[in-house]
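# Coordinate inspection notes
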Amino acid sequence: MAVKQPLLHTTGLTIGYRSGKNPAKVIAGPLNLDLYAGQLICLLGPNGCGKSTLLRTVSGLQQAVGGSIELEGKNLAKLKPAGIARLISLVLTDNVRSGNLDVYSLISLGRYPYSGWLGILSQQDKEAIDRAITATDTAAFLGRKLDSLSDGECQKVMLARAMAQDTPLIILDEPTAHLDLPSRIQLMRLLHQLAKDTNKAILISTHELDLALQVADQIWLMSSGGNLAAGLPEELVLNGSFQQAFDKDGIDFDINTGTFHIHTSGRKSISVAGDGPAAFWTRKALTRIGYALSPGEDTEEQVLVTEIEGVASWTYKKGDLTLSFDQLKELLTVL
Amino acid sequence: MNKIKILVLLSLLVIAFLLDVALGSVHIPVKEVIKVLFTPDSVNESWIYIVEKIRLPKALTAIIVGCGLSVSGLQMQTLFRNPLAGPSVLGITAGASLGVALVMLSAGSIASLYTIKELGISGSWLIIIASSLGAALIMVIIVSISSSLKDNVIVLIVGVMIGNITLSIISIWQYFSSPELIKDYLMWTFGSLGGVTGNQLLILATVVFAGLVISFLSSKLLDALLLGDNYARSMGLTVQRARLLIVLSTSVLAGGITAFCGPIGFIGIAVPHLARALFNTSNHRILIPACCLVGTVLMLICDIVAQLPGSQTVLPINVITALVGSPVVIWIIAGPTKLRGF
């Protein structure tokens, strides 16, 4: 497997606030993070732990206190706003209900970094807008004014605007806040799909633990102390990071709790043998990356999960091929 | 659809323009007005004098004022993301008045149109610059305050208060002035489209045209600012620079007009809403010309009404713009929600 270049890479990044001559107030860090194209990354953490600050810093709206951020190998601090706008697009929590703005105009604002002096749209711009509308399924809202949209519809439209900006990285700050459950699931599913279909990296902050566990390719888990654990959702569950991160909120994270399901139609079927948490989360991981789980053992691909004294190991069989792993991540890279 | 609206507005403009020139204490038939404009030889001389020296400059001033104040109001509403923003509401014209007053104070005279006339061309420029600087000063203060205050209503109240402080400073100075000077100043505050002639008209037109060009060229920046500073920045806008440009053109527009015509209210706040309602868009590339059209027509109509056709009396233009503009503001706040946008 070729080594993939991370789209976004931070080295010793510390985030926080500078105010006047006082020493900067550090919220979290140093953080060494990597973010790859085609991934949906969910940033989780209790309120006030600095999720928004991290997103604002990574997107260039706010200065980092220390360390560096590289975007496609370029130092973010040295990029001009116009340059950053071609690499990162944002969906923020800011209220944009400007009454007279219609949906198409709003989405076309996404072409801002590409259009000329007066903002006249070229054929190319219009095509990009149409692609964004199709991808986000917002064609039905086009003629409407922004203030006539529901919260869920508004989020989709804001996402379409970000898509029209056509950047390799899209960052969304709490896109599921204020949404009802079906809209939340719909949006998360849409984000998951977009990351896969368009090979964009999508970074979101959210409070939807269970949804994040189902759709995220990577989770950044922030705790109140400013620590950040990054990894596969299942890994973070298994190594206890979740318990730690939400410890202070008095939330007990039950490793065995089932969550509600998002149906992703599996293309290949696989069987998983074994009991216990490791097998349970292995099944979830396999479902997530697009497998259908088969109850029998007559499938072409089979996984056996064994757990001895809390240490899990995985055996993968495909025809005559047999491979063993002691990390779930390694198993997934093979599939 | 838009073409029909533009045609209707343009024909309204022509009719209002001709009526504005025709009506007044001396009635000149519209047919004769057209003759004066195109074949001046065939009409009696007193009419030519009235039209060329008094009414034509006044109608042209109405057009300039209508365009300038409306566009400055539109820019402020977008910049502050506040449907109730406008040059007179947020104290920008008060700032301009202060600039004018300061020049007049140091010249030992007062801010009346007569003294402006006596100052000649360099004096006209001096007044325009002072007035624009006064407007810019208040703009900068309110912009810097508004960036730390998220609440629109608070920004509005702060703007009104700063306007009050500015007006108080002028009042203190007035208090120590002689009664004749106070009367002159009061006349100036009523606002007047008359008296801007010759070189002054040329200077005012140049300044306002420059402001309008800057404004039109920044229409893309204004569009981006509709979503707020953060989104604007994320789309590649250098927010500080954009703000500076918008503050500059707004100050030049509002300042220049206030210097010569006095603080004219309500046009700046009302016209952008009418333009948005009429053209149903938030695109500044369309809204800026639309504001010019609607503002011009409205200002000409206000001027026609101010002359109280058939009588010898002329009402101050500010009285009429308030009568026309206030219902629009009430409509924005209490009317159908469609107009609450900006």
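Given the structure is predicted, the values throughout are model-derived calculations rather than measurements.

Turning next to the domain arrangement of chain A. Residues and elements named next belong to chain A. Taken domain by domain, chain A consists of domain 1 (8–249) and domain 2 (268–334). Relative placement of domain 1 and domain 2: their C-alpha centres are 32 Å apart. Counting residues at the interface gives six residues for domain 1, matched by eight residues for domain 2. Looking at the side of domain 1 that touches domain 2, the element that brings in the most residues is helix H8 (residues 233–238), giving four residues. Its residues assigned to classes, the side of domain 1 that touches domain 2 comprises three nonpolar, one polar and two charged.

On the side of chain A, 23 residues touch chain B, which itself brings 24 residues to the contact. Elements represented by at least two residues in the side of chain B that touches chain A include exactly helix H9 (219–225) and helix H10 (229–234) of chain B. Residue composition of the side of chain B that touches chain A, by class: eight nonpolar, nine polar and seven charged.

Right, let's talk about the nonpolar core for a bit. Ile41 and Leu43 of chain A together with Ala224 and Cys291 of chain B are the most contacted members of the largest nonpolar core, which totals 188 residues. The biggest single contributor to this core is helix H13 (residues 284–306) of chain B, with 14 residues. Two domains each provide a minimum of three residues to this core, namely domain 1 (8–249) and domain 2 (268–334) of chain A. Apart from residues lying up to four places away in sequence, Ile41 of chain A is in contact with Leu35, Ala201, Ile202, Leu203, Ala216, Asp217, Gln218 and Trp220 of chain A.

What follows concerns the pairing of strand S10 (residues 218–222) of chain A. Residues and elements named next belong to chain A. Burial analysis of S10 places five of its five residues in the buried class, the great majority of the element. Burial along S10 is two-sided: the residues Gln218, Trp220 and Met222 and Ile219 and Leu221 are all buried. Sheet topology places strand S4 (residues 40–44) next to S10; four bridges connect them, and they run parallel. Paired with Leu43 across the strands is Trp220, a residue of S10.

Conventions used here
- As a convention, each chain's residues are numbered from 1 in the sequence order in which they are written.
- To read the labels, note that chains go from A and ligands from 1, taken in the order they are written.
- Given that this is a predicted model, residues contribute local features only at a pLDDT of at least 70 and side-chain atom pairs are listed and counted only at 80 or more, while totals for whole chains, interfaces and linings are drawn from all residues.
- Domain start and stop positions are those given by an automatic or database domain assignment.
- For every residue pair, C-beta atoms are placed from the backbone, and the pair is scored as a contact if these atoms sit within 7 Å.
- Helix and strand definitions here come from DSSP, where helices need a minimum of 4 consecutive H or I residues and strands a minimum of 2 consecutive E residues; each element is numbered from the N-terminal end.
- Just so you know the grouping, Ala, Val, Leu, Ile, Met, Phe, Trp, Tyr, Cys and Pro go in nonpolar, Asp, Glu, Lys and Arg go in charged, and all remaining residues, Gly too, go in polar.
- Each nonpolar core comprises buried Ala, Val, Leu, Ile, Met, Phe, Trp, Tyr and Cys residues, the members being joined through C-beta atoms within 7 Å.
- Counting other C-beta atoms within 10 Å of a residue's own tells you its class, since 20 or more makes it buried, 12 or fewer makes it exposed, and anything in between is partly exposed; those C-beta atoms are placed from the backbone.
- Two strands qualify as a pair provided DSSP detects at least 2 bridges between them.

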